[in-house]
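For reference, the chains in residue letters:
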Amino acid sequence: MHDVIIIGAGPAGLSTAFWCDELGLDTLVLEQADAVGGQLHRVYNPINNYLGLKARNGEELLERFAADVDNADFDLWTQTSITSADLKARRIALASGEELQSIAIVIATGVRPRELGVPGEKELAGKGMIESATRDRQLFAGHDVCVVGGGDAAVENALLLAEVCPTVTLVHRGKKLRARSEFTEQLQALHCITVFTESVLTRIIGDERAEAVEIQRKQGLKPFQLAVRGVLIRIGVEPNTDLFKGQLETDEGGYVVVNSQQETNVPMVFAVGDVANPVAPTISGATGAGATAAKVIASRFTR
Ligand SMILES: Cc1cc2nc3c(=O)[nH]c(=O)nc-3n(C[C@H](O)[C@H](O)[C@H](O)COP(=O)(O)OP(=O)(O)OC[C@H]3O[C@@H](n4cnc5c(N)ncnc54)[C@H](O)[C@@H]3O)c2cc1C
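None of the values given here were measured: they were computed from a predicted structure.

Cut-off values and rules
- Residues numbered from 1 in each chain as written.
- Predicted model: local features only at pLDDT ≥ 70, side-chain atom pairs only at ≥ 80, totals over all residues.
- Heavy atoms only, no water.
- Near = heavy atom within 4 Å.
- Polar contact = N/O pair within 3.5 Å; in protein donor to acceptor, adjacent residues only side chain to side chain.
- Areas by Shrake-Rupley, 256 points an atom, 1.4 Å probe, with all protein chains shown as cover.
- Helix = DSSP H or I, 4+ residues; strand = E, 2+ residues; numbered from the N terminus.
- Nonpolar A, V, L, I, M, F, W, Y, C, P; charged D, E, K, R; others polar.
- Salt bridge = Lys/Arg side-chain N within 4 Å of Asp/Glu carboxyl O.
- Buried < 20%, exposed > 50% of the residue type's maximum accessible area, 1.4 Å probe, protein only.
- Axes fitted to C-alpha atoms, helices over the stretch in contact; angles between N-to-C directions.
- Left-handed = near helix turned anticlockwise from the far one by under 90°.
- Contact = heavy atoms within 4.5 Å.
- Pairing = 2+ DSSP bridges.
- Expected span 1.5 Å × (residues − 1).
- Bend = angle between axes of the 7 residues up to and from the residue.

**Here's the deal with the site of the ligand**
(1) Moving on: Neighbouring the ligand are 28 residues; Ala12, Glu31, Gln39, Asp274 and Ile283 lie closest to it.
(2) Moving on: Take Gly38: an N or O atom from its main chain is 3.5 Å from an oxygen atom of the ligand.
(3) Moving on: Asn49 places a polar side-chain atom, nitrogen or oxygen, 3.0 Å from a nitrogen atom of the ligand.
(4) Moving on: Coverage of the ligand by the protein amounts to 85% of the 1,000 Å² it exposes when considered alone.
(5) Moving on: Elements with a contribution of two residues or more to the shell around the ligand: α1 (11-22) and α6 (283-300).
(6) Moving on: The residue makeup of the shell around the ligand, split by class, is 13 nonpolar, 12 polar and 3 charged.

**Here's the deal with the pattern of salt bridges**
(1) Moving on: Counting across every chain of the model gives 13 salt bridges.
(2) Moving on: The salt bridge partner of Glu214 is Arg203, with a shortest N-O separation of 3.4 Å. Of this pair, Glu214 sits in strand β14 (residues 212-217) while Arg203 sits in strand β13 (residues 199-205), and the two are 11 residues apart along the sequence.
(3) Moving on: Assessed through its relative accessible area of 16%, Glu214 is described here as buried.
(4) Moving on: The structure contains a network of salt bridges with shared partners spanning Arg112, Arg114, Glu238 and Asp242.

**Description of the packing of α1 against α6**
(1) Moving on: Contact geometry of α1 with α6 gives a least axis separation of 7 Å together with a crossing angle of 35°. Along this stretch, α1 crosses α6, giving a crossing that reads as right-handed. Between α1 and α6, the contacting residues are Pro11, Ala12, Ser15, Thr16, Trp19 and Cys20 on the first element and Ile283, Ala286, Thr287, Gly290, Ala291, Ala294 and Lys295 on the second.
(2) Moving on: Residues belonging to the contact of α1 with α6 are distributed by class as follows: 8 nonpolar, 4 polar and 1 charged.

**Observations regarding the sheet that holds strand β15 (residues 224-227)**
(1) Moving on: Strand order in the open sheet formed by 3 strands is β13-β14-β15, and the pairing between neighbours is antiparallel. Each having just a single partner strand, β13 and β15 make up the two edges of the open sheet. Neighbouring strand axes in the sheet, compared pairwise and without regard to direction, differ in orientation by 30° on average.
(2) Moving on: By the bridge criterion, 4 bridges tie β14 to β15 in an arrangement that is antiparallel. Along β15, the bridge assignment pairs Val213 with Leu226.

**Brief notes about helix α2 (residues 58-71)**
(1) Moving on: For α2, which comprises 14 residues, the first-to-last C-alpha distance of 20 Å matches the rise-based estimate of 20 Å (1.5 Å per residue) to within 8%.
(2) Moving on: Approximately 25° is the largest bend angle found in α2, and it occurs at Phe65.
(3) Moving on: When α2 is considered as a whole, its buried residues turn out to be Gly58, Glu60, Leu61, Leu62, Phe65 and Val69.
(4) Moving on: The distance from a side-chain oxygen at the start of α2 to the backbone nitrogen of Glu59 is 3.2 Å, and the residue carrying that oxygen is Asn57.

Set out below in structure tokens:
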């Protein structure tokens, strides 16, 4: 029996654990990945918006977090697969067969990139699917590429690719791009970027590597093929809440609903970070929510 079990070791889970330790709570963190850090492993851009700290990328910020985490006294199990979580009973079953119980559970499972779900997307992973323009654009220099999405992330990545690629085709389902005007104005000034709105990417074609995409402009029209060497998909994210389905209140997007104390509607079950923050996900928001949850949990313990 632990005081607190935290599921997920991204910035939110790590901050919660750090604070729980500071407040004298016996804490166990369960992380499914090989290492802690969550989305920080995919942040290739400089982080200039975390008050008091600057980092060249997510890995560098994580190194700073790790220095504190290593000195804290909580249990951390990585590569841990949870098969079921009974939130009301606060009981967790692991794939190893082990059963765990705690007085409080903190859900810090974050979000994952939304997939298009089209043929070729999975098959060509690592063979032309671009994860990040910041990281990968030199690999695609001199080649035509396609970007899917219409928000800030899609347009920013298209602009970065346009620095090195002869043509960038941006495919967006909606009528208008949703990206901020700072990005769309730059986009309009670049002749090498073609924007297809009200269009969907229906297939990524290639055997050994991506060679073309199939695009359908407006419903009913015949799709056409476009030769490209790289495809970058930025169509948003979805919360990692499958494990808790039907057990607690979520919004229409599947995000966990919490109050200002990070409490869910299940007693002694809390949610922190992106999994409970559909509107303004940030590293500072995630670490702050972790601190709040830990302090609220500590206040409930009467020893
Ligand atoms: C490209 C990019 C750039 C960004 N740039 C910035 C920036 O400049 N500034 C900023 O403030 N924010 C930025 N962000 C957002 C920031 O990274 C997130 O807000 C932050 O990582 C959220 O932390 P989190 O702990 O809530 O979730 P995550 O980082 O998503 O971590 C969740 C963790 O939970 C684990 N997990 C999930 N399900 C389970 C399960 N069932 N069992 C066990 N473990 C599980 C995951 O493996 C992961 O380790 C950026 C994000 C991206 C992708």
